[in-house]
Amino acid sequence: MRKYLLPVLLALFVLLDLGYTFVQSYQLPLEGDLPAIVLPSPECRQVLSDPFGWAVLTRNEVYVAPNRFFAHAAMVSYFKSVPFALQRLTDPISSVYAACALFGVLVQALLLYVLGVYISGTYQLTSRGFWVVVALLAPLFQMVGYNDQMGIIDPAITYTFFYGFPMLLLLVLLLPFYRAAYQGQPLRVSWPGRLALVGLMVVLAFNGAIIAGTVAVLFFCIVLHWAVRQWQSGVRFDSGQWLGRVRQLPPLAPVLLGLFAALCVYSLYIGLNERESVGQDLPMWRRYARIPHGILWQYRKLGLPLLTLAVLVNARLIRRLVPATADSQRILRMLRWLGIFAVIYVLLLPLGGYREYRALIIRRDSVIPLLLGLMFFYGLSTYFLLHHLPARPRRWYLGAVVVFSAIFLIADRRMPRTTNACERENLTRLAQAPEPVVRLGAGCTVMAWGNVGAPPESEINAQMLEYWGITRGKKLYYQQGW
């Protein structure tokens, strides 16, 4: 019975943390992209009718999100069903806030699970090691504290659908490849599993540039790593030798990854015709000049510097205090390749275009693969040290880990600075108003990025609120006064 006590306590800690995240998320206001994507607005309809961007390929058309069909389709499907299911438990207004909070918490919980599997090597929820890893990672998921630096779950639910959720699916896709490589064995997947992987590749490739860009850099690093290993084994400038080594590779993994790479290249190509990029150009040299400012902005608070320092300290401790073994050397190599991946990824970011809302190029959403990489390595190296440090240093190290986690937990203890209390009041006023055009207070936004100055500007929002049953009939609105 005693051996189950620690996993139970750790699981309870993680569940409480997820519950608190739900409470925080439930207080957040709605954001401006939600109604246009879910309804959808006229601008967002073409991507839903052209999943693979044939209009770009055949007619060179420019429209909203040509390579993001599955991100849009996921939002439409979710917000046209889940709020209605939740209305069996609560009122229509609360059901929308609950749906947003529920999705964010589910993505966070699944990310913790998948990262736990990567690091502990087991899918079993009864495993002590699994819960140790998940408990190490849970404090790093910041909903309020350091969210603007390292938030994986975004306060704007659209960004969670477009960034956090696809990264979760990518980790799921890569898991069998990672486990095979870690164990030094060929990839073995059944035919139904192969079909599922190919289907997931299609879904991910058409989820936006974040996945395609991540895959491009990741696969380049994989090929470079393989080439370095061949060079170290004696292959030089003989093309026949290289061709022979390629032929020796088990074919399944290269074929599947090659197909995924081709899909991502196509996705990046049709993404060049994204309407949002038109008219927002910035000279390339100025984009690169903003990268240092973006990095400094990300490191302006304690969260990300502390996580980076923990990763470097862990690597130092593995070198100095742990005997050199295959596992310890593998972990250190992972850190080196994570650094190479990060440098290449950051240098390629300006090629993805310029957005006014991402003026410094680097922002938590654009570098989410690097944030997850840091979290993964912190969990992996900390878990390794807790098992392999000598007894006396281990006690000191465990204390440092507890303090480290406490810093992140304390930072994230607050509720959001901007809550949805005012927006709820406006939505309630709108729902109860008998007139077709309603004046609302301008003290907060109402399902928009800014105040709605004239009734026609609320057309899409009004249709969305009517669809959810928040209003009876379409109620246009504008905001004036307090």
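Our subject is the structure that appears above.
In this report, the structure presented in the accompanying data block is examined. (Residues numbered from 1 in each chain as written. Predicted model: local features only at pLDDT ≥ 70, side-chain atom pairs only at ≥ 80, totals over all residues. Heavy atoms only, no water.)

### What about the state of the cysteines?
And then number 1: Scanning the model with the defined rule gives one disulfide in all.
And then number 2: For cysteine 422, the disulfide goes to cysteine 444, at an S-S distance of 2.2 Å. With the S-S dihedral at roughly -80°, the linkage between cysteine 422 and cysteine 444 falls on the left-handed side. Of the two residues, cysteine 422 is situated in helix α20 (residues 421-432) and cysteine 444 in the loop between β1 (437-440) and α21 (459-467); the sequence distance between them amounts to 22 residues.
And then number 3: Judged by relative accessible area, which is 28%, cysteine 422 ranks as partly exposed.
And then number 4: Between cysteine 221, a cysteine without a disulfide, and cysteine 264, which holds the nearest cysteine sulfur, the sulfur-to-sulfur distance is 15 Å.
And then number 5: Relative accessible area serves as the criterion here: at 3%, cysteine 264 is assigned to the buried category. (Disulfide = S-S within 2.5 Å. Helix = DSSP H or I, 4+ residues; strand = E, 2+ residues; numbered from the N terminus. Buried < 20%, exposed > 50% of the residue type's maximum accessible area, 1.4 Å probe, protein only.)

### Examining the environment of glycine 353
And then number 1: Its place among the elements puts glycine 353 in the loop between α17 (326-348) and α18 (368-388).
And then number 2: On the basis of relative accessibility, which here comes to 24%, the residue glycine 353 falls in the partly exposed class.
And then number 3: Along the backbone, glycine 353 and serine 277 are 76 residues apart, and their C-alpha atoms lie at a distance of 6.7 Å.

### Details of the pairing of strand β2 (residues 476-479)
And then number 1: One ladder, built from four bridges, connects β1 with β2; its direction is parallel. Each bridged residue has a counterpart across the sheet, and for arginine 439 the counterpart in β2 is tyrosine 478.
And then number 2: Between the parallel pair β1 and β2, the chain is carried across by α21, and the sense of this crossover is right-handed. (Pairing = 2+ DSSP bridges. Right-handed = clockwise from strand over helix to strand, strands pointing away.)

### Points about the side chain of glutamine 230
And then number 1: Tracing the sequence through the fold places glutamine 230 in helix α12 (residues 209-232).
And then number 2: The exposure class assigned to glutamine 230 is buried, which follows from its relative accessible area of 11%.
And then number 3: If sequence neighbours within four positions are ignored, glutamine 230 has contacts with Val235, Trp242 and Arg245. (Contact = heavy atoms within 4.5 Å.)

### Examining the nonpolar core
The tendency in soluble globular proteins is for nonpolar side chains to be buried side by side.
And then number 1: If you look at the biggest cluster of nonpolar residues, it comprises 156 residues, and the most contacted ones within it are Phe79, Phe260 and Leu307.
And then number 2: Excluding anything up to four places from it in sequence, phenylalanine 260 contacts Leu170, Leu173, Met201, Leu204, Ala205, Ile211, Val215 and Phe219. (Core = buried A, V, L, I, M, F, W, Y, C linked by side-chain atoms within 4.5 Å.)

### Some remarks on the packing of helix α16 (residues 303-321) against α17
And then number 1: Direction vectors running N to C along α16 and α17 enclose 150°, while the axes themselves pass 10 Å from each other. Comparing their axes, α17 and α16 come out roughly antiparallel. Considering only the axes of α16 and α17, their crossing is left-handed. Facing α16, whose interface residues are Val311, Ala315, Ile318 and Arg319, α17 presents Ser328, Ile331, Leu332 and Leu335.
And then number 2: Broken down by class, the residue content of the contact of α16 with α17 amounts to six nonpolar, one polar and one charged. (Axes fitted to C-alpha atoms, helices over the stretch in contact; angles between N-to-C directions. Parallel < 35°, antiparallel > 145°, perpendicular 65-115°, else oblique. Left-handed = near helix turned anticlockwise from the far one by under 90°. Nonpolar A, V, L, I, M, F, W, Y, C, P; charged D, E, K, R; others polar.)

### Here's the deal with a nonpolar patch on the surface
And then number 1: Taken together, the side chains of Met284, Tyr288, Val343, Leu347, Leu348 and Leu351 make up a nonpolar region of the molecular surface, amounting to roughly 520 Å² of accessible area.
And then number 2: When contributions to the nonpolar patch are tallied by element, the ones reaching two or more residues are α15 (284-298) and α17.
And then number 3: Within the secondary structure, leucine 347 is located in helix α17. (Patch = residues over 30% accessible without salt bridge, like charges linked within 9 Å, V, L, I, M, F, W, Y side chains within 5 Å. Areas by Shrake-Rupley, 256 points an atom, 1.4 Å probe, with all protein chains shown as cover. Salt bridge = Lys/Arg side-chain N within 4 Å of Asp/Glu carboxyl O.)

Geometric values such as these leave the question of function open.
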